[in-house]
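# Remarks on the overall topology
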Amino acid sequence: MSELTGRLSVFKTYKLYVGGKFPRSESGRVYEVTDSKGTWLANAPLASRKDARDAVVAARKAFGGWSGATAYNRGQILYRVAEMLEGRREQFTAEVAAAEGLSKAKAAAQVDAAIDRWVWYAGWSDKVAQIAGGTNPVAGPYFNVSAPEPTGVVAVLAPQESSFLGLVSVIAPAIVTGNTVVVAAAENAPLPALSLAEVLATSDLPGGVVNILSGRTAELSAPLAAHQDVNALDLAGADDELAKDLETAAADNLKRVLRPAPVNWTADPGTGRLLAFLETKTVWHPMGV
């Protein structure tokens, strides 16, 4: 309560982000989110297996339109998201500082790096084909051209130790190439991810391209790994034991799996994640005489 005005503060209600909308968990559950010192910050939705399945349905529905958009259009939409992130820089700085126990200056540096990284990946939208495809020399009178195509629906376990920069570093490279994603936010620090959802919802990004769930990583990842309509997994936020179980489940329909590995999220990301969830289509065409 403010001593000057006598009013009560309005606490923020965080919700899931599925199909461009903000539902509560179908289970009605929430869990307490605390800062690095154990102080209560908010109640976050504790998503269920049903929420995970609903998110996959939304991601699949959005895949055709998003993958069929021009690379230029996807790049413009991602850049618009970065513009909006810049406008909410102070909010994300406060959330990252609380989530990771950082000073305001260090948290601001993380947020700035995340926004810059989003812009960097946006710029790759119409350039990735040049490094992931090309013409091939063949023995015969044919044009032979290979081109990258998105894998499909990617389930992403967000990094546990980097609530915003790491989050951006796994979402942006997956969607810029035309994939759609279902994201399990960092279990103990989901608030930056849930706030990112508010930015995505008010940008030009079509609903369902990014779906964000908060809750228990192990509980959410199991149905995603076993889901027959999920095409790939990014296990950035899984420990070794969980990753092994998820990889076994993913083998049932030959999902593409990016296993967890130590990552310095502040370092140059390179093109590894950009290329991780792409397929290659090769077309043969007879040469005219």
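Above this text sits the structure in question.
Report on the accompanying structure.

Conventions adopted
- Residues numbered from 1 in each chain as written.
- Predicted model: local features only at pLDDT ≥ 70, side-chain atom pairs only at ≥ 80, totals over all residues.
- Heavy atoms only, no water.
- Pairing = 2+ DSSP bridges.
- Helix = DSSP H or I, 4+ residues; strand = E, 2+ residues; numbered from the N terminus.
- Axes fitted to C-alpha atoms, helices over the stretch in contact; angles between N-to-C directions.
- Contact = heavy atoms within 4.5 Å.
- Core = buried A, V, L, I, M, F, W, Y, C linked by side-chain atoms within 4.5 Å.
- Buried < 20%, exposed > 50% of the residue type's maximum accessible area, 1.4 Å probe, protein only.
- Polar contact = N/O pair within 3.5 Å; in protein donor to acceptor, adjacent residues only side chain to side chain.
- Arc of directions from axis to C-beta.

With parallel pairing, 5 strands are arranged side by side in an open sheet as β7-β6-β5-β8-β9. Here the strands that pair on one side only, and so sit at the sheet edges, are β7 (210–213) and β9 (256–258). Direction aside, neighbouring strands of the sheet carry axes that sit 15 degrees apart on average. Pairing between strand β6 (residues 180–184) and β7: 4 bridges, direction parallel. Considered in β7, the bridge of Ala-184 is made with Leu-213. Set on the sheet, helix α1 (residues 49–68) makes contact with β5 (153–157), β6 and β7; between it and β6 the angle comes to about 155 degrees. The sheet strands contacting helix α6 (residues 165–176) are β5, β6, β7 and β8 (232–234), and the helix crosses β6 at an angle near 160 degrees.

Judged by nonpolar contacts, the single largest core of 61 residues is most densely connected at Trp-118, Ile-171, Ile-175 and Val-210. With 9 residues, the top contributor of residues to this core is α6. Excluding anything up to four places from it in sequence, Ile-175 contacts Trp-66, Arg-74, Leu-78, Trp-118, Val-181, Leu-205, Val-209 and Val-210. Within the second largest apolar cluster, 25 residues are counted, among which are Ala-47, Ala-59, Ala-184 and Leu-235.

A few words now on the environment of Glu-198. Summarising the element assignment, Glu-198 is placed in helix α7 (residues 191–201). Expressed as a C-alpha distance, the spacing of Glu-198 and Pro-223, which sit 25 residues apart in the sequence, is 25 Å. Among all residues touching Glu-198, those that are not within four sequence positions of it are Lys-12, Phe-22, Arg-88 and Gln-91. Within polar-contact distance, the side chain of Glu-198 engages the side chain of Lys-12 at 3.2 Å. A polar contact of 2.7 Å, which involves the side chain of Glu-198, links it to the side chain of Arg-88.

Listed in full, the buried residues belonging to helix α9 (residues 240–250) are Leu-242, Ala-243, Leu-246 and Ala-250. End-on view of α9: buried residues confined to an arc of 100 degrees, all on one side of the axis. The outward face of α9, more than 90 degrees from its buried face, is lined by the exposed residues Asp-240, Glu-241, Lys-244 and Thr-248.

None of the figures reported here should be taken as evidence of function without further support.
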